[in-house]
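Here is how the chains run, residue by residue.
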Amino acid sequence: MTQLMQTGPDVGDDVVLLTVPADGGYLGVLRTATAGLAARLHFALDEIEDLRIAVDEACAMLLAIATRGAELECRFAVTDDALTVEVTVSTVRGARLPSESSFAWKVLTALTTSAEAEANGRSATIRLLTRRTEF
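Treat the numbers as computed from the prediction; the structure is a model and nothing was measured.

### Brief notes about the side chain of threonine 88
- As for its position among the elements, threonine 88 is in strand S4 (residues 82–90).
- On the basis of relative accessible area, threonine 88 is assigned to the buried category, the value being 17%.
- In terms of polar contacts, threonine 88 uses its side chain to reach the side chain of threonine 125, at 2.8 Å.
- Setting aside residues up to four positions removed in sequence, threonine 88 forms contacts with Leu62, Glu71, Leu72, Glu73, Ser123, Ala124 and Thr125.

### Remarks on the packing of helix H1 (residues 27–40) against helix H2 (residues 45–63)
- The contact between H1 and H2 brings their axes to 9 Å, and the two run at 145°. Handedness of the crossing formed by H1 with H2: right-handed. Residues Leu27, Leu30, Arg31, Thr32, Thr34, Ala35, Ala38 and Ala39 of H1 touch H2, and the partners they reach there are Ile48, Leu51, Arg52, Val55, Asp56, Cys59 and Leu63.
- Of the residues assigned to the contact of H1 with H2, the class counts are 10 nonpolar, two polar and three charged.

### Let's talk about H2
- End to end, H2 covers 27 Å across 19 residues, agreeing with the expected 27 Å (1.5 Å per residue, within 8%).
- Along H2, the residues that are buried comprise Glu47, Ile48, Leu51, Ala54, Val55, Ala58, Cys59, Met61 and Leu62. When H2 is viewed along its axis, its buried side chains cluster within an angular range of 155° and face the same direction. Seen from the open side of H2, the exposed residues pointing more than 90 degrees away from its buried face are Leu45 and Asp46.
- Elements in contact with the buried residues of H2: H1, strand S3 (71–78), S4, helix H3 (103–111) and strand S6 (123–131).

### Comments concerning H3
- Considered for burial, the residues of H3 that qualify are Ala104, Trp105, Val107, Leu108 and Leu111. Angular distribution of buried residues about the axis of H3 spans 155°; they occupy a single face of the element. Those residues of H3 that are exposed and angled more than 90 degrees off the buried face are Phe103 and Ala110.
- On its buried side, H3 packs onto H2, strand S5 (114–119) and S6.

### Some thoughts on the pattern of salt bridges
- Summed over all chains, the structure comprises seven salt bridges.
- Across the salt bridge formed by glutamate 49 and arginine 52, the nearest N and O atoms sit 3.3 Å from each other. One end of the pair is glutamate 49 and the other is arginine 52, both in helix H2 and three residues apart, which spans about a single turn.
- Overall, arginine 52 belongs to the partly exposed group, its relative accessible area being 24%.
- Between glutamate 116 and arginine 127 there is a salt bridge, with its nearest N and O atoms 2.5 Å apart. Of this pair, glutamate 116 sits in strand S5 while arginine 127 sits in strand S6; the two residues are 11 residues apart in sequence, bridging distant segments of the chain.
- Glutamate 116 gets classed as partly exposed once you look at its relative accessible area, which sits at 41%.
- What you see here is one network of salt bridges that share partners, running through Glu86, Glu116, Glu118 and Arg127.

Calculation rules
- Residues numbered from 1 in each chain as written.
- Predicted model: local features only at pLDDT ≥ 70, side-chain atom pairs only at ≥ 80, totals over all residues.
- Heavy atoms only, no water.
- Helix = DSSP H or I, 4+ residues; strand = E, 2+ residues; numbered from the N terminus.
- Buried < 20%, exposed > 50% of the residue type's maximum accessible area, 1.4 Å probe, protein only.
- Polar contact = N/O pair within 3.5 Å; in protein donor to acceptor, adjacent residues only side chain to side chain.
- Contact = heavy atoms within 4.5 Å.
- Axes fitted to C-alpha atoms, helices over the stretch in contact; angles between N-to-C directions.
- Left-handed = near helix turned anticlockwise from the far one by under 90°.
- Nonpolar A, V, L, I, M, F, W, Y, C, P; charged D, E, K, R; others polar.
- Expected span 1.5 Å × (residues − 1).
- Arc of directions from axis to C-beta.
- Salt bridge = Lys/Arg side-chain N within 4 Å of Asp/Glu carboxyl O.

Dropping the structure here:
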């Protein structure tokens, strides 16, 4: 399911919602959507590739703790100079995301402006923010 909506008449942000099965075979769809939206913001090619890799890494972290038959819900928020990607999945009981000192988190923080996560025992979300580099 894909949906595009305005977040408010005065805000000017676009939000794209994309839901795919929580299966590695569908990550290409999310990587392609990420690249397309980043290109729309005129990100440099290196920034686009970094963001694609970060989204892929975040999704891999979530797939490892997803319930059987779950869906990855991906929310892209597009502003004038930034793209926020928020990926959520329902998780197995007791699931934990890798610690912030793990290699996976080092990748996320190196490739994005900021990365954060939350898990509540029923679902987990990873939020990535990337701001366009000004020239």
